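Listed here are the chains, written in short residue letters.
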Amino acid sequence: MVAKGDMLYAWAKDSEVQKKGECGGAVTALLKHALETKMVDGVVAITKGKDLYDAVPTVITNADDVIKSAGSLHCGTLLIPKLIKKYLNGAKDKKYAVTCKGCDAMAFYELAKRNQINLDNILMIGVNCGGSVSPVAARRMISEKFEVDPDTVHKEEIDKGQFIIEFEGGHKGIKIDELEEEGYGRRSNCQRCKMKVPRQADIAAGNWGVIGDKAGKATFLEVCSEKGANLIESAKSKGALETEAANPKGIEIRGKVENAMFKLGDSCRKRDFEGLGTGKDRLKLIMTESAKCVKCYACVENCPICYCIECSTKKPWYVAPGVLPTSFMFHLIRFAHVSDSCVNCGQCEELCPMEIPNALFMHSQQTEIEKMFGHVPGRDMSPPIHALAEEKAERARLEATGTDSIYINIFDEE
Ligand SMILES: Cc1cc2nc3c(=O)[nH]c(=O)nc-3n(C[C@H](O)[C@H](O)[C@H](O)COP(=O)(O)OP(=O)(O)OC[C@H]3O[C@@H](n4cnc5c(N)ncnc54)[C@H](O)[C@@H]3O)c2cc1C
Ligand code: SF4
Ligand code: SF4
Ligand code: SF4
């Protein structure tokens, strides 16, 4: 019997699914099986649109169409859960199996905490994620750094620290470190991301740790919940999936790679946050950058933490309508409302027409708030800091200052 905590090598029984899958096609086989056996009403996955730079979120209700979503698209920088809230009624009345990266899984939990999505109706098939590259940046990188016409590329992957492309007439790989030093490569929030194996999902799937004769042919599955165990067990018993116990050496390697990614994430955080400067310099930088805002509200619309019917940034007594440049209040409202729970998904930065580094500003605040309150966003259903004030913790915080008011002795640097 498959149980929570198991580590498996898995591959699709169907040879076409296995061939089209990124690794062993296990994710596609599981999604298809969930739909076929009516565990879910629909599958939400990513399909290739015009080309491999074009990742299209798709709702699939016919099991034969699930195969169209096989394969990983590293230019798929989108976030799925807010789409489920907006266009699928927050999965309140239908069940969906969804493929999700770490940031998607975190967003699911944050929306569920705010009662915007019914997690009981979501089967989360997580995929490990080393990072994603914005499509326009990827095209520029491929023509400038790889000196290849981006339209001739038919496959891209991130493997062993390299960005690899296959194109008409050959393949080429360049180290991600080298690309990122020159301003190419993964999105900046991805460089700082530390949600590499999404264990809050029902299953975490990836290629890390698949060694020996199964290398490249199987998917590494970590079973993270009972729901995940049941799905795998059912898919095995109906002949949709094959599994074997993961190689212990492979498990060890996977752990080492994950740790190396944490270290890389930490060093990118240090570099980016220090780059913001300190004190008044930091304030000046944030104010100068955010003064470019044209109030398109894309950051609000796409942030998984923003769930209000009408954002306070639209209230005329906070932010004067029809006035540009907008007041700093617009951004202060977002900092105040979101920074305790920001999951560093990068949507606010990527979708900003004025290229304001919104995610960097918010993430720099979130990491300090996490150190202060010990609240880690997106990992479980623990309520947001301001939704649960506990008397004991409040008293302890006041006592820790050694004073009778909240004024001094709060920060280490004082
Ligand atoms: C951006 C990205 C980065 C990744 N980086 C790593 C890594 O560093 N290490 C590692 O071990 N594994 C990584 N993976 C996971 C790995 O590529 C495979 O997805 C996983 O091993 C499952 O393989 P499979 O053959 O079972 O999947 P398949 O059967 O091929 O199914 C892949 C699933 O991923 C979905 N998908 C494709 N693109 C996206 C996207 N952009 N966002 C959300 N879902 C998507 C598809 O809809 C499909 O459901 C990454 C995946 C993505 C999408
Ligand atoms: S934020 Fe993290 S999980 Fe999301 S795409 Fe970037 S690296 Fe992957
Ligand atoms: S503030 Fe930006 S990075 Fe943070 S959760 Fe919202 S959209 Fe994502
Ligand atoms: S996305 Fe950019 S321009 Fe649009 S409201 Fe947000 S910060 Fe302003």
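- Per an unreviewed UniProt entry, the protein goes by the name Formate dehydrogenase and belongs to Methanospirillum lacunae.
- Per UniProt, the comment on the protein under Cofactor (unreviewed entry) is "FAD".

Quick look at unusual backbone geometry
Item 1. Look at the link from Leu-324 to Pro-325: it is a cis peptide, with omega at -5 degrees.
Item 2. Mapping Pro-325 onto the fold places it in the loop between α11 (298-302) and α12 (329-338).
Item 3. Of note in this structure, Glu-147 is not a glycine but carries a positive phi near 55 degrees.
Item 4. Structurally, Glu-147 is set in the loop between α5 (135-144) and β6 (153-159).
Item 5. Judged by relative accessible area, Glu-147 falls into the exposed class, the value being 65%.

Let's talk about the domain arrangement of the protein
Item 1. As assigned here, the protein comprises domain 1 (6-132 + 186-263) and domain 2 (278-401).
Item 2. A straight line from the C-alpha centre of domain 1 to that of domain 2 covers 29 Å.
Item 3. In terms of surface lost to domain 2, no three residues of domain 1 exceed Lys-113, Arg-114 and Arg-192, which account for 29% of the buried area on that side.
Item 4. At the junction of domain 1 and domain 2, the tally comes to 2 salt bridges.

Notes on the site of ligand 1
Item 1. Around ligand 1 sit 29 residues in total, of which Glu-22, Cys-23, Thr-28, Gly-71 and Asn-207 are the nearest.
Item 2. A distance of 3.3 Å separates an oxygen atom of ligand 1 from a polar backbone atom of Gly-24.
Item 3. Measuring from an oxygen atom of ligand 1, one finds a backbone N or O atom of Gly-71 at 2.7 Å.
Item 4. Protein chains shield 98% of the accessible area of ligand 1, which is 900 Å² for the free molecule.
Item 5. Among the secondary structure elements, those contributing two or more residues to the shell around ligand 1 are α2 (26-36) and β2 (42-48).
Item 6. The element contributing the most residues to the shell around ligand 1 is α2, with 4 residues.
Item 7. When grouped by side-chain class, the residues that make up the shell around ligand 1 number 11 nonpolar, 16 polar and 2 charged.

Some remarks on the sheet that holds strand β7 (residues 162-167)
Item 1. Sheet architecture is open: 3 strands sit in the order β6-β7-β8, paired in antiparallel fashion. In this open sheet, the two strands that pair with only one neighbour each are β6 and β8 (170-175). On average, each strand axis in the sheet is tilted by 15 degrees relative to the strand beside it, whichever way the strands run.
Item 2. With 6 bridges joining them, β7 and β8 adopt antiparallel strand pairing.

Some thoughts on the pattern of salt bridges
Item 1. A full pass over the atoms with the stated rule returns 32 salt bridges.
Item 2. Glu-274 serves as the salt-bridge partner of Lys-270, at 3.3 Å between the closest nitrogen and oxygen. With a gap of 4 residues between them, Lys-270 and Glu-274 both fall in helix α9 (residues 248-274), about one helical turn apart. Grouping residues by exposure puts Lys-270 and Glu-274 together as exposed.
Item 3. Asp-272 serves as the salt-bridge partner of Arg-271, at 2.8 Å between the closest nitrogen and oxygen.
Item 4. Classification of Asp-272 as buried rests on a relative accessible area of 14%.

Rules used in this analysis
Residues numbered from 1 in each chain as written. Chains lettered and ligands numbered in written order. Predicted model: local features only at pLDDT ≥ 70, side-chain atom pairs only at ≥ 80, totals over all residues. Heavy atoms only, no water. UniProt positions renumbered as here; feature names shortened; annotations may be inferred. Helix = DSSP H or I, 4+ residues; strand = E, 2+ residues; numbered from the N terminus. Buried < 20%, exposed > 50% of the residue type's maximum accessible area, 1.4 Å probe, protein only. Domains from an automatic or database assignment. Buried area = accessible area lost by both parts, 1.4 Å probe. Salt bridge = Lys/Arg side-chain N within 4 Å of Asp/Glu carboxyl O. Near = heavy atom within 4 Å. Polar contact = N/O pair within 3.5 Å; in protein donor to acceptor, adjacent residues only side chain to side chain. Areas by Shrake-Rupley, 256 points an atom, 1.4 Å probe, with all protein chains shown as cover. Nonpolar A, V, L, I, M, F, W, Y, C, P; charged D, E, K, R; others polar. Pairing = 2+ DSSP bridges. Axes fitted to C-alpha atoms, helices over the stretch in contact; angles between N-to-C directions.

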